[in-house]
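# Coordinate analysis (summary)
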Amino acid sequence: MSKVKKLFLNRVSFADLLVIALGTALYSFGIIYFNLANKLADGGVTGITLILKALFNFNPAYSTIIVNIPLFLIGMRFLGKRDMFYTLYGILALSFFLWVWQQIPIHINLQHDLLLASLGAGLFGGFGSGLVYRFGGTTGGIDIIARLFERFRGIQMGQSLLVIDVLVLLSSLIYLDIRQMAYTLIYIYIFSQIVNFTQQGAYTARGIIIISNHSEAIAASLMEELSRGVTYLNAEGGYSRDEKQVIYTVVSPSELHGLKQIVEGIDKQAFISIINVHEAIGEGFTYKRPKKFNLFN
């Protein structure tokens, strides 16, 4: 087995895959039994699949894969192999559970109350998606485009996702009336709050302090795999009096899980301190990244 392949496999956690599967199961449960059953729209690729279902009766389990194929191919070119592996896994898991829930005749009697439907959709969808994001996965779709804009243009994922979601929601008025759209907006608000709660906050960034005897190897991996700059701080052990190079870096919340796995893969004894950063100003967050976003190069 090659060194690269072995390193990649070490970064893929069975526990992560299990939790991501659970998250997609909960998210798809909400889509089938709350969104679809009560004609509530959604944003992103899920919203597109619901439009296709309403207009052409196209099964969301299949359209989820079809719509994601071109987005996944773009992501394969610019995002890391591990990120795209987790993304592909998330797409397939979501599609699978969308199919499964449609085969199980569960009827949730809400007495046509769209407020209860929006609450249920927000709780299941938000908690499920939050689990997926917290453990380093995505359900594909617009998340891929948002990550590319964040990486190469310095535009925060939340801003890109908001713009795209608004466009998809406006398109959903093709088959929804204003009343259903109003309850969809309630669902999306609840969804976003539950996602943030599940991820334990929605700060702009995380400040990371890493103390390790393998600081150079860790720093090189962080710069290579996350495209984040690092700073060495000269330090001295209080007990041992040994001189050390302490690493300081700042990452977005979506990169935090990947950073932990990078450090653990190099030094399981490393000490990591994570600081909530309310504002990050500088290269990679407010300035352009060194790389250029060009689909044709």
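Note that the structure is a prediction, hence the values are computed from the model and not measured.

So, on to the overall build of the chain. Within the chain one finds 11 helices and four strands. Expressed as a percentage of the 297 residues in the chain, the buried residues total 47%. Restricting the contact set of the chain to residue pairs at least 6 apart, pairs at least 24 apart contribute 76%. A total accessible area of about 15800 Å² is found for the chain, and carbon and sulfur atoms account for 62% of it.

All right, on to the side chain of Thr49 then. Along the chain, Thr49 falls in helix α3 (residues 44–56). There is a polar contact of 2.6 Å between the side chain of Thr49 and the backbone oxygen of Thr46. Apart from the residues lying within four places of it in its own chain, the contact partners of Thr49 are Phe58, Pro60, Ser63 and Thr64.

In this section: unusual backbone geometry. Even without glycine at this site, His112 takes up a positive phi of about 60°. Tracing the backbone shows His112 in the loop between α5 (81–103) and α6 (114–134). Not every positive phi belongs to a glycine, and Arg241 is a case in point at roughly 65°. With respect to the helices and strands, Arg241 occurs in the loop between β2 (231–236) and β3 (243–251).

This part covers a nonpolar patch on the surface. On the surface, Leu55, Phe56, Phe58, Tyr62, Ile66, Phe96, Trp99 and Ile174 cluster together into a nonpolar patch covering about 840 Å² of accessible area. Secondary structure elements with two or more residues in the nonpolar patch: α3, α4 (60–78) and α5. On the secondary structure map, Phe58 appears in the loop between α3 and α4. For Phe58, a relative accessible area of 30% gives the class partly exposed.

Attention shifts here to the packing of helix α2 (residues 14–38) against α3. In contact at an axis separation of 13 Å, α2 and α3 are set at 40° when each is read in the N-to-C sense. Between α2 and α3, the angle falls in the class oblique. Two packed elements cross with a definite hand, and for α2 against α3 that hand is right-handed. Residue-level contacts link Tyr27, Ile31, Asn35 and Leu36 of α2 to Thr46, Leu50 and Lys53 of α3. In terms of residue class, the contact of α2 with α3 is built from four nonpolar, two polar and one charged.

Another aspect to go through is helix α7 (residues 142–153). For α7, with 12 residues, the first-to-last C-alpha span of 16 Å sits near the 16 Å given by 1.5 Å per residue. When you tally the buried positions in α7, you get 10 out of 12 residues, the bulk of the element. Every buried residue of α7 is listed here: Ile142, Asp143, Ile144, Ile145, Ala146, Arg147, Leu148, Glu150, Arg151 and Phe152. Looking one or two places after α7, you find Gly154, whose phi comes out positive at around 75°.

Position of Ile142 relative to the elements: it lies in helix α7. Linking Ile142 and Gly43, residues 99 residues apart in sequence, is a C-alpha distance of 9.1 Å.

Below, the discussion takes up the nonpolar core. In terms of nonpolar packing, the biggest core is built from 22 residues, with Tyr27, Tyr33, Phe34, Leu98 and Trp101 touching the most fellow members. Residue assignment for this core shows that the elements contributing at least two residues are α2, α5, α6 and α9 (178–198). Looking at which element gives the most residues to this core, the answer is α2, with eight residues. For Phe34, the contacting residues outside a window of four places in its chain are Phe29, Leu40, Ile108, Leu110, Ala117, Gly120, Ala121 and Phe124.

Criteria and thresholds
Residues numbered from 1 in each chain as written. Predicted model: local features only at pLDDT ≥ 70, side-chain atom pairs only at ≥ 80, totals over all residues. Heavy atoms only, no water. Helix = DSSP H or I, 4+ residues; strand = E, 2+ residues; numbered from the N terminus. Buried < 20%, exposed > 50% of the residue type's maximum accessible area, 1.4 Å probe, protein only. Contact = heavy atoms within 4.5 Å. Areas by Shrake-Rupley, 256 points an atom, 1.4 Å probe, with all protein chains shown as cover. Polar contact = N/O pair within 3.5 Å; in protein donor to acceptor, adjacent residues only side chain to side chain. Patch = residues over 30% accessible without salt bridge, like charges linked within 9 Å, V, L, I, M, F, W, Y side chains within 5 Å. Salt bridge = Lys/Arg side-chain N within 4 Å of Asp/Glu carboxyl O. Axes fitted to C-alpha atoms, helices over the stretch in contact; angles between N-to-C directions. Parallel < 35°, antiparallel > 145°, perpendicular 65-115°, else oblique. Left-handed = near helix turned anticlockwise from the far one by under 90°. Nonpolar A, V, L, I, M, F, W, Y, C, P; charged D, E, K, R; others polar. Expected span 1.5 Å × (residues − 1). Core = buried A, V, L, I, M, F, W, Y, C linked by side-chain atoms within 4.5 Å.

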